[in-house]
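Geometric and topological summary
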Amino acid sequence: MTLRENLRDRLQPIYFLGQNPITLTGAVLTTSTALTTIAFWFYDFFLPGPPHPYIGLLVYLILPGVFVLGLLLIPIGIWLRRRNLRHSGQLPVVYPAIDLRLPVVRRTLEWVGFATVVNLLILGTASYRGVQYMDSASFCGTTCHTVMAPEYTTYQNSPHSRVECVECHIGPGAGWFVRSKLSGLRQVFAVTFHTYSRPIPSPVKYLRPARETCEQCHWPQRFTGDKFLVNTGYKDDEKNTPQTDVLLLKVGGRTWQGSVGIHGHHLADGARIRYISTDVERQTIPVVYYTDDQGKTTEFISTDAKPTQQQLDKGENRVMDCVDCHNRPTHVFELPENAVDKQMASGHISPELPFIKKKAVELLKVNYPTRDVARQSIVAELNNFYRTNYAQIYQTRRTLVQQAGDEVAAIYLRNIFPDMHVTWGVHPNNLGHNDSPGCFRCHDGSHTSADGQTITNDCSACHEVLAAGEQNPKVLTDLGMK
Ligand code: HEC
Ligand code: HEC
Ligand code: HEC
Ligand code: HEC
Ligand code: HEC
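Treat the numbers as computed from the prediction; the structure is a model and nothing was measured.

1. Section: the coordination of the iron atom of ligand 2
- Around the iron atom of ligand 2, the protein supplies H160 (NE2) and H218 (NE2) as donor atoms, at distances of 1.9 to 2.0 Å.
- Coordination at the iron atom of ligand 2 is octahedral, judged from the 6 donor atoms that bind it and the angles of 86 to 180 degrees they form at the metal. With H160 in the loop between α6 (145-156) and α7 (165-169) and H218 in the loop between α9 (214-217) and β1 (225-234), this residue pair connects regions lying 58 residues apart in the sequence.
- The class for H160 is partly exposed, based on a relative accessible area of 22%.

What follows is the structure, encoded as structure tokens:
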């Protein structure tokens, strides 16, 4: 049999059976969505910036869905018709020949062949563009606007604002890609039917291990050395008296002598830390296992927490990685005191305004019904405060007061999202020990092993405190920094 005859034998049944309403509907759906999609690609090409999220949703996800549905209807129609004919005994033994001498038949076949090639091209391009679109920060951050607003806002103000959400939340490889798309589907339902939790719970239960995300960009064994940290806060007196901490933080890493410092002790190749936490937020950690370079494992048990066996069995058993300390590398929710201190230290809120620290924190802690009300009230109240209590300052330093009002409102808008029940302290930062337990979840001096070792609580194990809460730290003058 020649190739030509072979092809004819295959095409004849398709041609004959293809003339049914379902197949024809499929062809119409496919063609019309294909034309719409192509038209949009041209439009998108000339569009500045990404499309509106809902238009993106339509063009990149819903239209291709209809397109694929149309494609599927074509063989389904053929199959159904064949089954019906067979049941009624009308299936021809020999299919009517396709008469290639008839121009209408020739043209139909040419058209179908051409459409198939075009459809394959569109399907390829649409899947590629769809995936590209779904992986963009603007899709993750703005499509379900209210839901992701807290994470998207903090992300935009962070050192990782140029890193796509998917680099940390999905990472490379097909397995996690499919997993994330399945979980994404569930999330779309949750958003549609308003069944999602407020706030979105943290920690993320199935976050990909940091080794496969953070470590694609950061090299954990790199020796970072000591980090010099100067942190200025302000008292809530009239003069906003400054109090400065100066720390030499021993971040460490790997040296020729082995692993040193904070990074070195938790991340060395041989040594590994595993722990059991008994609350969902991983804030209570009663048991820690430490395996040293020689492979010996020590069990540290908290003498304070006294967990029951049942709690331990129900608890989460987890290998420590970057995210156990850096749980807020990008979604950095601040506390009102720290946020005001930071803006004062950088001069955005002038420390020369009397009582500004006290007043700013006070205004930030009020329970406002909406973000809009908050912004207006904060600005109005702060102006009011200086107009009534410090009329002279209000006259001469009007711009400073105005600027302070705007900055305080901005702090509120960066951190508080009433719709999502995100308020102060909902997402604690584990990197430290002053505002939340952080390092002290294990390093509280009460985690002891059977042979009497303790996970250290020595202040100089992690940092040298060169000044704590001093108005004019001598060390800074000595270093020529003040
Ligand atoms: C630098 C890495 C990184 C990037 C980039 C990133 N995230 Fe996250 N995200 C995290 C980590 C780490 C957590 C907290 C994980 C934990 O504690 O288990 C988190 C938590 C979350 C949570 C859970 C709620 C919370 O605040 O803890 C949501 C929702 C979220 N991210 C959404 C996003 C969105 C949307 C983007 C992009 C706009 C994004 N993330 C970009 C690392 C990242
Ligand atoms: C796609 C690359 C990429 C990934 C993935 C990534 N980071 Fe980063 N990270 C960066 C870049 C770039 C910077 C430097 C930003 C700068 O200097 O402004 C940075 C900075 C940091 C810093 C220093 C922040 C500071 O305040 O200076 C920390 C800590 C950090 N990353 C932790 C993490 C953690 C934890 C993860 C995983 C959850 C992660 N990163 C994932 C690229 C990445
Ligand atoms: C035991 C807690 C802990 C773990 C685990 C940890 N870090 Fe850190 N890391 C710190 C501390 C503390 C600092 C200094 C914080 C600061 O800059 O204020 C730091 C600083 C950093 C910095 C900034 C260094 C610089 O030069 O400014 C980067 C980047 C970083 N870590 C990445 C990582 C990555 C990636 C991982 C996982 C492979 C990781 N860290 C695991 C505690 C930890
Ligand atoms: C999950 C428990 C856990 C958490 C959380 C934790 N650590 Fe550790 N850390 C350990 C264990 C276990 C050791 C090893 C104890 C030993 O040396 O016997 C250790 C060792 C260290 C050491 C070395 C101490 C020495 O003996 O010289 C430093 C420094 C350190 N941690 C800093 C930190 C810092 C900073 C943080 C918070 C950002 C932190 N750790 C959070 C469990 C933890
Ligand atoms: C397990 C490690 C560890 C131990 C032990 C430890 N610290 Fe810290 N400390 C940290 C880290 C990490 C930070 C946060 C640095 C940062 O802001 O990034 C910090 C921050 C501080 C700060 C500055 C707070 C600020 O925001 O300005 C002071 C002060 C301080 N520690 C005092 C102490 C004292 C006093 C002790 C002894 C009781 C102690 N620390 C024990 C890890 C430790």
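2. Quick word on the site of ligand 3
- In the vicinity of ligand 3 there are 18 residues, among which K227, H263, C322, C325 and H326 approach most closely.
- Here a nitrogen atom of ligand 3 sits 2.8 Å away from a polar atom, N or O, in the side chain of H263.
- Within the residue set of the shell around ligand 3, elements represented by two or more residues are β1, β2 (242-255), α10 (261-267) and α12 (322-325).

3. Some thoughts on empty space enclosed by the protein
- Overall, the coordinates contain 1 cavity of 30 Å³ or more when judged by the stated rule.
- Put simply, the parts of the chain that give the lining of the largest cavity at least two residues each are β2 and α10.
- The element best represented in the lining of the largest cavity is α10, accounting for 3 residues.
- In terms of residue class, the lining of the largest cavity is built from 3 nonpolar, 5 polar and 1 charged.

4. What about the nonpolar core?
- V340, I349, I356, L364, I378, Y386 and Y412 are the most contacted members of the largest nonpolar core, which totals 27 residues.
- Among the elements of the structure, α13 (336-345), α14 (356-364), α15 (371-389) and α17 (398-415) are those that each provide at least two residues to this core.
- Those residues in contact with Y386 that sit more than four places away from it in its chain are L353, P354, F355, I356, A391, Y394 and V401.
- Core analysis: the second largest hydrophobic core is formed by 11 residues, V59, I122, A126 and Y133 among them.

5. What about α17?
- Taking 1.5 Å per residue as the helical rise, α17 with its 18 residues ought to reach 26 Å, and the 26 Å between its terminal C-alpha atoms agrees with that figure.
- Looking only at α17, the buried set comprises V401, A404, G405, E407, V408, A409, I411, Y412, R414 and N415.

6. Quick notes on the coordination of the iron atom of ligand 3
- Binding of the iron atom of ligand 3 to the protein goes through H263 (NE2) and H326 (NE2), at separations of 2.0 Å.
- Bound by 6 donor atoms, the iron atom of ligand 3 shows angles of 88 to 179 degrees at the metal and therefore octahedral coordination geometry. Residue H263 is found in helix α10, and its partner H326 is found in the loop between α12 and α13; the two are separated by 63 residues along the sequence.
- Among the residues examined, H326 registers a relative accessible area of 35% and is labelled partly exposed.

7. Observations concerning the site of ligand 4
- Lining the immediate environment of ligand 4, one finds 18 residues, of which H265, H266, C439, C442 and H443 sit closest.
- H266 is positioned such that a nitrogen or oxygen atom in its side chain is 2.8 Å from a nitrogen atom of ligand 4.
- Within the contact set of ligand 4, a nitrogen atom lies 2.7 Å away from a side-chain nitrogen or oxygen of H443.
- Broken down by secondary-structure element, the contributors of at least two residues to the shell around ligand 4 are α10, β4 (272-277), β5 (287-291) and α18 (459-462).
- No other element matches the 3 residues that α10 contributes to the shell around ligand 4.
- Residue composition of the shell around ligand 4, by class: 13 nonpolar, 4 polar and 1 charged.

8. Here's the deal with the side chain of D324
- Tracing the sequence through the fold places D324 in helix α12.
- Of the polar contacts made by the side chain of D324, one reaches the backbone nitrogen of D321; its length is 2.9 Å.

9. Concerning a nonpolar patch on the surface
- There is a patch of nonpolar side chains on the surface, built from F228, V230, L466, L479 and M481 and spanning about 420 Å² of accessible area.
- Given a relative accessible area of 32%, F228 falls into the partly exposed group.

10. Side note on the pattern of salt bridges
- For the structure shown, the criterion picks out 14 salt bridges.
- Across the salt bridge formed by R318 and D321, the nearest N and O atoms sit 3.1 Å from each other.
- A residue is classified by how much of its surface remains accessible, and R318, at 16% relative accessible area, is buried.
- The exposure class of D321 is buried, given its relative accessible area of 17%.
- A cluster of three or more residues bridged by salt bridges with shared partners is formed by R318, D321 and D324.

11. Some remarks on the sheet that holds strand β7 (residues 316-319)
- Taking strand neighbours across the sheet as the criterion, the 5 strands line up as β7-β4-β5-β6-β8 in an open arrangement whose pairing is antiparallel. Edge positions in the sheet fall to β7 and β8 (447-448), since each of these pairs with one other strand and no more.
- By the bridge criterion, 4 bridges tie β4 to β7 in an arrangement that is antiparallel. Directly across from I276, in β7, lies its bridge partner N317.

So, how was this worked out
- The residue count restarts for each chain, going from 1 along the sequence in the order it is written.
- To read the labels, note that chains go from A and ligands from 1, taken in the order they are written.
- In view of the model being predicted, local features appear only for residues whose pLDDT reaches at least 70, and side-chain atom pairs are presented and counted only at 80 or more, with totals across whole chains, interfaces and linings using the full set of residues.
- Hydrogens and water are ignored here; the side-chain numbers use all heavy atoms of the structure.
- Any N, O or S atom lying within 2.8 Å of the metal counts as a donor, and for Na, K and Ca the limit rises to 3.2 Å; water is left out, so some sites can look incomplete.
- Irregular is the label for any site that misses the other tests, which are tetrahedral for four donors with all angles between 85 and 135 degrees, and square planar for four donors or octahedral for six when opposite donors exceed 155 degrees and the remaining angles lie between 65 and 115.
- Numbering of helices and strands starts at the N terminus; helices are DSSP runs of H or I of at least 4 residues and strands are runs of E of at least 2.
- Only protein chains enter the accessibility calculation, which uses a 1.4 Å probe; a residue is then buried when its area is under 20% of its type maximum, exposed when over 50%, and partly exposed in between.
- The near set for a molecule or strand comprises every residue that places at least one heavy atom within 4 Å of it.
- N or O atoms within 3.5 Å of each other form a polar contact, as long as, within protein, one can give a hydrogen and the other can take it, and as long as residues adjacent in sequence are counted only when both atoms are side-chain atoms.
- Detection works on a 1 Å grid of protein atoms alone, calling trapped sets that fit a 1.4 Å probe cavities and calling open sets with protein on both sides within 12 Å along at least five of seven lines pockets, with lining residues defined by an atom within 4 Å of a point.
- Grid points are joined across faces, edges and corners, and a volume is the space filled by probe spheres set on the points.
- Side-chain classes follow a simple rule in which Ala, Val, Leu, Ile, Met, Phe, Trp, Tyr, Cys and Pro form the nonpolar group, Asp, Glu, Lys and Arg form the charged group, and the remainder, Gly included, forms the polar group.
- To form a nonpolar core, buried Ala, Val, Leu, Ile, Met, Phe, Trp, Tyr and Cys residues must be joined to one another through side-chain atoms within 4.5 Å.
- Residues count as neighbours in contact if any of their non-hydrogen atoms are within 4.5 Å of one another.
- Every helix has an expected span of 1.5 Å times one less than the residues it contains.
- Patches were defined on residues exceeding 30% relative accessible area and lacking a salt bridge, with like-charge contacts within 9 Å and nonpolar side-chain contacts (Val, Leu, Ile, Met, Phe, Trp, Tyr) within 5 Å.
- The Shrake-Rupley method, run with a 1.4 Å probe, gives the accessible areas here. Residue values count only the displayed protein chains as cover.
- By convention in these notes, a salt bridge is any Lys or Arg side-chain nitrogen within 4 Å of a carboxyl oxygen on Asp or Glu.
- Paired strands, in this sense, are two strands between which DSSP finds at least two bridges.

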